[in-house]
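# Observations on the model geometry
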Amino acid sequence: MEKGMTFEFYDHIRDVLGLKEAEADSFSPLVLAYMGDCVFDLIIKSMVVSRGNKQVHRMHEETSSYVQASEQSLMMRTIQQHLTEEEHAVYRRGRNTKSVSPAKNQSITDYRRATGFEALLGYLFLKKRYARLIELVRIGLDSLENAGDCE
């Protein structure tokens, strides 16, 4: 690549597969959360793998400690104070939407807050606001680390 050019992973996927541009504003909060769940999972798995080679089962356990609704809910409590009005509106839409599946072993409050968190991440990803997405995730991860919740 030439100096000064950036490689956008999502753009490359779209180009190679011939996918059309996704309009984040047109998607329901659950579609945004669907995408945000995937993005957050990739971020956390990347973080876990970077800690070194170990059994996949151990990596899965470590990943699960971050991606469960209760942990996402804790992260979102801290992240909320850093949101713009636009981001807060997306989060609220995700949090307030009715899910088709019940929360598994999670309180409804945590589950809804986690859905809002995932909707926000999906929105930022589709808007190609990658730096902002990572900034907010970092704030959330730091809050968990400070609370001593995750490894």
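Conventions and cut-offs
Residues numbered from 1 in each chain as written. Predicted model: local features only at pLDDT ≥ 70, side-chain atom pairs only at ≥ 80, totals over all residues. Heavy atoms only, no water. UniProt positions renumbered as here; feature names shortened; annotations may be inferred. Axes fitted to C-alpha atoms, helices over the stretch in contact; angles between N-to-C directions. Helix = DSSP H or I, 4+ residues; strand = E, 2+ residues; numbered from the N terminus. Parallel < 35°, antiparallel > 145°, perpendicular 65-115°, else oblique. Left-handed = near helix turned anticlockwise from the far one by under 90°. Contact = heavy atoms within 4.5 Å. Buried < 20%, exposed > 50% of the residue type's maximum accessible area, 1.4 Å probe, protein only. Core = buried A, V, L, I, M, F, W, Y, C linked by side-chain atoms within 4.5 Å. Nonpolar A, V, L, I, M, F, W, Y, C, P; charged D, E, K, R; others polar. Phe/Tyr/Trp six-rings, centres within 6.5 Å; stacked < 30°, edge-to-face > 60°. Lys NZ or Arg CZ within 6 Å of the ring centre and 35° of its normal.

As recorded by an unreviewed UniProt entry, the protein carries the name Mini-ribonuclease 3 and is attributed to Schaedlerella arabinosiphila. Within the UniProt record for the protein, the comment given under Subcellular location (unreviewed entry) is "Cytoplasm". For the protein, the Subunit (unreviewed entry) comment in UniProt is given as "Homodimer."

## Here's the deal with the packing of helix α4 (residues 69-79) against helix α6 (residues 108-126)
The interhelical angle for the contact between α4 and α6, taken along N-to-C directions, is 65 degrees, at an axis separation of 8 Å. Relative to α6, the element α4 lies roughly perpendicular. Relative to α6, the crossing made by α4 is left-handed. The residues of α6 that touch α4, namely those facing Ala-69, Ser-70, Gln-72, Ser-73, Met-75, Met-76, Arg-77 and Ile-79, are Asp-110, Tyr-111, Arg-113, Ala-114, Phe-117, Glu-118 and Leu-120.

## Considering α4
Most of α4 sits out of view: eight of its eleven residues are buried. Within α4, burial applies to Ala-69, Ser-70, Glu-71, Gln-72, Ser-73, Met-75, Met-76 and Ile-79. Among the structural elements, α2 (29-50), α3 (56-67), α5 (85-96), α6 and α7 (130-147) are those in contact with the buried residues of α4.

## Quick word on the UniProt feature "active site" (unreviewed entry) in the protein
Summarizing the sequence annotation, UniProt attributes the feature "active site" (unreviewed entry) to Asp-37 in the numbering used throughout. Mapping Asp-37 onto the fold places it in helix α2.

## Some thoughts on the nonpolar core
One broad rule of soluble globular proteins: the nonpolar side chains tend to lie buried together. Counting residues in each nonpolar core, the largest one holds 33 residues, and the members touching the most others are Ile-79 and Leu-133. At the level of secondary structure, the elements contributing two or more residues to this core comprise α2, α3, α4, α5, α6 and α7. Those residues in contact with Leu-133 that sit more than four places away from it in its chain are Val-39, Ile-43, Leu-121, Leu-124 and Phe-125.

## With respect to the packing of α3 against α4
Direction vectors running N to C along α3 and α4 enclose 50 degrees, while the axes themselves pass 5 Å from each other. As far as their axial angle goes, α4 and α3 are oblique. Contacts between α3 and α4 involve Ser-65, Tyr-66 and Val-67 from the former and Ala-69, Glu-71 and Gln-72 from the latter. Here the residues of the contact of α3 with α4 sort into three nonpolar, two polar and one charged.

## Observations regarding the packing of aromatic side chains
Under the definition given, this model contains three aromatic pairs. Summarising the aromatic geometry, the rings of Phe-40 and Phe-117 are spaced 5.1 Å apart at their centres and angled 85 degrees between planes, so their arrangement reads as edge-to-face. Separated by 77 residues along the polypeptide, Phe-40 in helix α2 and Phe-117 in helix α6 bring together distant segments of the chain. Judged by relative accessible area, Phe-117 falls into the buried class, the value being 2%. Centroid distance Phe-125 to Tyr-130: 5.6 Å. Interplanar angle 55 degrees. Geometry classified as tilted. An aromatic cluster of at least three residues, connected via ring pairs, comprises Tyr-10, Phe-125 and Tyr-130. Taking NZ or CZ as reference, Arg-14 lies 5.8 Å from the ring centre of Tyr-10, over its face.

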